[in-house]
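One-letter residues, chain by chain:
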Amino acid sequence: MITILGDVFSMKNSKIIYTNRKTGKPFVGKNKVVQEKMDNVIRQLLSKENIDSWKSMTKGKMHPYRIAFRIFRGTERKWDYVNVVQGILDAMVACAYIPDDSYEYVIPEFYSTQLDRINPRTEITVL
């Protein structure tokens, strides 16, 4: 199992329109807070312990991986499973855990969420 510490985040409502300084053309990017959270998830995924755990969970398995997410939230704010897990899947692609987060490589599954104000986290398991 891989554990990502901290509250997971939604990337859906986190876009900002920036302007390219050289060309003056607008482009859409992540806001600074979401980018910092994404960087934190990537750092955690790149730990030796998590890389070893991923290799162990996927050894001998073929794509698409059935990946289960158990989310422990730090608050009772409403949220959406798909939007929250999208950031984690994007980080998994960035860390080369999976080539892409499309249906060819991932079938996401969700356990019921729980409230844990002291230790919010997401537990990831390959079924």
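Just so it is clear, the model here is predicted, and its values are computed rather than measured.

1. Digging into helix α2 (residues 48-58)
In an α-helix, one turn spans 3.6 residues; hence positions three or four apart end up facing the same way.
Item 1. Listing the buried residues of α2 in full gives Asn50, Ser53, Trp54, Met57 and Thr58. Buried residues of α2 fall within an arc of 120° about the axis and therefore sit on the same side. Of the exposed residues in α2, the ones pointing more than 90 degrees away from its buried face are Lys48, Glu49, Lys55 and Ser56.
Item 2. On the buried face of α2, the contacting elements are β1 (2-5), α1 (32-45), β4 (65-73), α3 (81-94) and β7 (121-126).
Item 3. Once α2 ends, the next one or two residues include glycine 60, with phi positive near 80°.

2. Some details on unusual backbone geometry
A negative phi angle characterises most non-glycine residues, just as the trans form characterises most peptide bonds.
Item 1. With an omega dihedral of 0°, the bond running from histidine 63 to proline 64 counts as a cis peptide bond.
Item 2. The topology assignment puts proline 64 in the loop between α2 and β4.
Item 3. Even without being a glycine, alanine 96 presents a positive backbone phi close to 65°.
Item 4. Tracing the backbone shows alanine 96 in the loop between α3 and β5 (106-110).

What counts and what doesn't
Residues numbered from 1 in each chain as written. Predicted model: local features only at pLDDT ≥ 70, side-chain atom pairs only at ≥ 80, totals over all residues. Heavy atoms only, no water. Buried < 20%, exposed > 50% of the residue type's maximum accessible area, 1.4 Å probe, protein only. Helix = DSSP H or I, 4+ residues; strand = E, 2+ residues; numbered from the N terminus. Arc of directions from axis to C-beta. Contact = heavy atoms within 4.5 Å.

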